[in-house]
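Summary of the model geometry
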Amino acid sequence: MTDIETITVPGHLRGYPGVAFGGFVAGVLAGRAAAKTVRVDFRRPTPVEVPVGLAETADGGAVLTGADGVLAVATPDELDLEVPEPPSWGEALAAAEAYRAAPPEGAVDCFGCGLDRTPDTGLRQHCGAVPGRDLVATAWTPGPALADPEGMLRPELVWGALDCPGNAAGRLRGGMRAGAVTASLTARLLQPVPVSSPLVSYAWVLAEGGRKHRMGVALATAEGDLCAVASALWVDPR
């Protein structure tokens, strides 16, 4: 393990109250890993506004640690995922509007899918069911405040856009229960994502069994070019 760097997740990057948004945490870890495809396993919730330790590992991955032990671990991986054609911008926009008109119970002020977030303060992953297709989708445009110095969506936020859609797919297209959490996220970023450009996020159910639900997730341009793909494991509450 390399020297430990201390980082603090800002409070606005939360998923649940007091807890860091998992997609962002995964992206931070993936940014330290020496691989294009990375798997991040979540062990414990990462707190916001609390210093935690980040270090690279000998296997080309990274680990995040807190006062109670390991919070999350990133390891190089492979991703064999058959990705369906993305819905059109119009289909994704209609699905998003349907979601916002009748949001699920228990919605929180999540950086990824909070309803009160603006394009500059959140990712607005408001994924609704797409009629005639076994997937969910949303149309969105990230604001300039989410850009890196080159005007691209920060890589850790691209990872963030691959998190919440899996929850929507499990709730709306599968049998996942409210309160499920992301146990792991395996992703590959395919191309830089400009901010202020229209994007389509979509997700579908890969497999379900017992409390476990595996989802496929993709991010594409409005024209249908893939920007990132992921497989996410969600687990129902006991």
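Residues numbered from 1 in each chain as written. Predicted model: local features only at pLDDT ≥ 70, side-chain atom pairs only at ≥ 80, totals over all residues. Heavy atoms only, no water.

**Structural notes on the environment of Glu-85**
Of note, Glu-85 is situated in the loop between strand E7 (69-76) and helix H2 (89-101). C-alpha of Glu-85 to C-alpha of Tyr-202: the two residues are 117 residues apart in sequence and 9.8 Å apart in space. (Helix = DSSP H or I, 4+ residues; strand = E, 2+ residues; numbered from the N terminus.)

**As for the sheet that holds strand E12 (residues 212-221)**
Working definition: the strands of a sheet are paired by backbone hydrogen bonds and lie parallel or antiparallel to each other. Spatially, E1-E5-E6-E7-E4-E10-E13-E12-E11-E9-E8 is the arrangement adopted by the 11 strands of the open sheet, whose pairing is antiparallel. Two strands bound the open sheet, and with one partner strand each, they are strand E1 (5-7) and strand E8 (128-129). Where strand E5 (residues 52-56) and strand E6 (residues 62-66) come together, 4 bridges link them in antiparallel fashion. The partner of Ala-55 across the bridge, within E6, is Val-63. Against the sheet, helix H1 (residues 22-30) makes contact with E1, strand E4 (37-42), E5, E6, E7 and strand E10 (181-189), and its axis sits at roughly 130 degrees relative to E4, the strand it touches most. Packed onto the sheet, H2 meets E8, strand E9 (136-140) and strand E11 (199-209) and runs at close to 100 degrees relative to E9. (Pairing = 2+ DSSP bridges. Contact = heavy atoms within 4.5 Å. Axes fitted to C-alpha atoms, helices over the stretch in contact; angles between N-to-C directions.)

**Observations regarding the layout of surface pockets**
Considering only enclosed or pocket space, the largest pocket measures out at about 880 Å³ in volume. Taken together, 41 residues line the largest pocket, and the ones lying closest to its centre are Tyr-16, Asn-167, Ala-180, Val-181 and Trp-234. Breaking the lining of the largest pocket down by element, the ones donating at least two residues are strand E2 (14-16), strand E3 (19-20), H1, H2, E8, helix H4 (164-173) and E10. For the lining of the largest pocket, the leading source of residues is H4, giving 5 residues. For the lining of the largest pocket, the residue count by class is 26 nonpolar, 10 polar and 5 charged. (1 Å grid on protein atoms, 1.4 Å probe; cavity = no way out; pocket = protein on both sides within 12 Å on 5 of 7 lines; lining within 4 Å. Points joined across faces, edges and corners; volume = space filled by probe spheres on them. Nonpolar A, V, L, I, M, F, W, Y, C, P; charged D, E, K, R; others polar.)

**Some thoughts on the pairing of E4**
Counting buried positions along E4 gives 5 out of 6 residues, so the element sits mostly inside the fold. Pairing geometry for E4 and E10, over 5 bridges, is antiparallel. By the bridge assignment, Thr-37 is partnered in E10 with Arg-188. Inspection of the sheet shows E4 paired to E7 by 5 bridges, in the antiparallel sense. Across the sheet, residue Val-38 finds its bridge partner in E7, namely Pro-76. (Buried < 20%, exposed > 50% of the residue type's maximum accessible area, 1.4 Å probe, protein only.)

**What about unusual backbone geometry?**
The backbone of Arg-124 shows a phi angle near 50 degrees, a positive value even though the residue is not glycine. Turning to its location among the elements, Arg-124 is positioned in the loop between H2 and E8. A relative accessible area of 23% places Arg-124 in the partly exposed class. Phi at Ser-196 is positive, roughly 60 degrees, even though this residue is not glycine. With respect to the helices, strands and loops of the structure, Ser-196 is situated in the loop between E10 and E11.

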